Amino acid sequence: NNLKGLPPHFTRLQSLTEISLASNPIVALPPVLGTLSHLQSLHFDRTLLRSPPTEILDRGLTMILAFLRRLYDAQASGVMNLAGLQLDNLVAGEVWTTQIVTSTVTKLNFKSNNLTTWPAFMC
């Protein structure tokens, strides 16, 4: 396959328990995946993936979905809440720029993380 993303109305598939996006050139898991509350298994090519960041991927499916849900919610609320995720680093260039720094975001919350420098892509 050569899928680079998911269709906008993917949220209609709320009963999905398993998704395989492997063997597709997806560099960012779409925030809409965070809305799938029944999802139990998610397969993807980690070597291509730049978002979520590695430190989120390393914590497993529950954390991945929670992170993606925060990105998804920010699209409607304008509040990007990345508080308490214990993030050490926010490096991912254009992927993060399109998912976090958008014209709809009016508030950023990085409280309770381990960041030591402001993410360069946000400057």
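Residues numbered from 1 in each chain as written. Predicted model: local features only at pLDDT ≥ 70, side-chain atom pairs only at ≥ 80, totals over all residues. Heavy atoms only, no water.

**Overview of unusual backbone geometry**
Quick note on the threshold: Secondary structure elements follow DSSP: runs of H or I of four or more residues count as helices, runs of E of two or more count as strands, with numbering from the N terminus. For the exposure calls, accessible area comes from a 1.4 Å probe over protein chains only, and a residue counts as buried if that area is under 20% of its type's maximum, exposed if over 50%, partly exposed in between.
The phi dihedral of S23 falls on the positive side, at around 65°, and the residue is not glycine. Its location among the elements puts S23 in the loop between β1 (18–20) and β2 (41–43). We classify S23 as exposed; its relative accessible area is 53%. Unlike most non-glycine residues, Q86 shows phi in positive territory, near 60°. The residue Q86 is located in the loop between β3 (79–81) and α3 (94–99) in this model.

**Digging into the confidence of the model for the protein chain**
To keep things clear, this is the line we draw: Per-residue confidence from the predictor is given as pLDDT, running between 0 and 100.
Overall, the prediction assigns the protein chain a mean pLDDT of 83, with 86% of residues at 70 or greater. When pLDDT is averaged over each helix and strand of the protein chain, the minimum, 58, is found for α3 and the maximum, 93, for β2.

**Concerning helix α2 (residues 61–77)**
Definition in use: Take the number of residues in a helix, subtract one, and multiply by 1.5 Å to get its expected span.
Between its terminal C-alpha atoms α2 stretches 24 Å, which fits the 24 Å expected from 17 residues at 1.5 Å a residue. Where α2 terminates, the next one or two residues include G78, which has phi positive at roughly 80°.

**Some words on the side chain of N113**
So the rule is basically this: For this analysis, a polar contact is any N or O atom pair within 3.5 Å, provided that within protein one partner can donate a hydrogen and the other can accept it, and provided that sequence-adjacent residues contribute only side-chain to side-chain pairs.
Inspection of the secondary structure assignment puts N113 in the segment after β4 (107–109). The buried category is assigned to N113, whose relative accessible area is 15%. Looking at N113, its side chain comes within polar contact range of the main-chain nitrogen of L87, at 2.8 Å.

**A closer look at the nonpolar core**
Stated precisely, the cut-off is as follows: Side-chain atoms within 4.5 Å are what join buried Ala, Val, Leu, Ile, Met, Phe, Trp, Tyr and Cys residues into a set we call a nonpolar core. Here, residues are in contact when the closest pair of their heavy atoms is within 4.5 Å.
Residues I19, L29, L33 and L42 are the most contacted members of the largest nonpolar core, which totals 25 residues. Those residues in contact with I19 that sit more than four places away from it in its chain are F10, L33, L36, L39, S41, L42 and H43.

**Points about the pattern of salt bridges**
The line we're drawing: Whenever a carboxyl oxygen of Asp or Glu lies within 4 Å of a side-chain nitrogen of Lys or Arg, that contact is scored as a salt bridge.
A complete count under the given rule lists two salt bridges for this structure. The partner of R46 in a salt bridge is D58, and the shortest N-O contact between them spans 2.2 Å. One end of the pair, R46, is in the loop between β2 and α1 (54–57); the other, D58, is in the loop between α1 and α2, with twelve residues separating them in the sequence. On the basis of relative accessibility, which here comes to 37%, the residue R46 falls in the partly exposed class. With a relative accessible area of 53%, D58 lands in the exposed category. A salt bridge links R69 to D73, with the shortest nitrogen-to-oxygen separation between them at 2.8 Å. With a gap of four residues between them, R69 and D73 both fall in helix α2, about one helical turn apart. Under the relative-accessibility criterion, R69 is labelled partly exposed at 34%. Looking at D73, the relative accessible area reads 33%, which means it is partly exposed.

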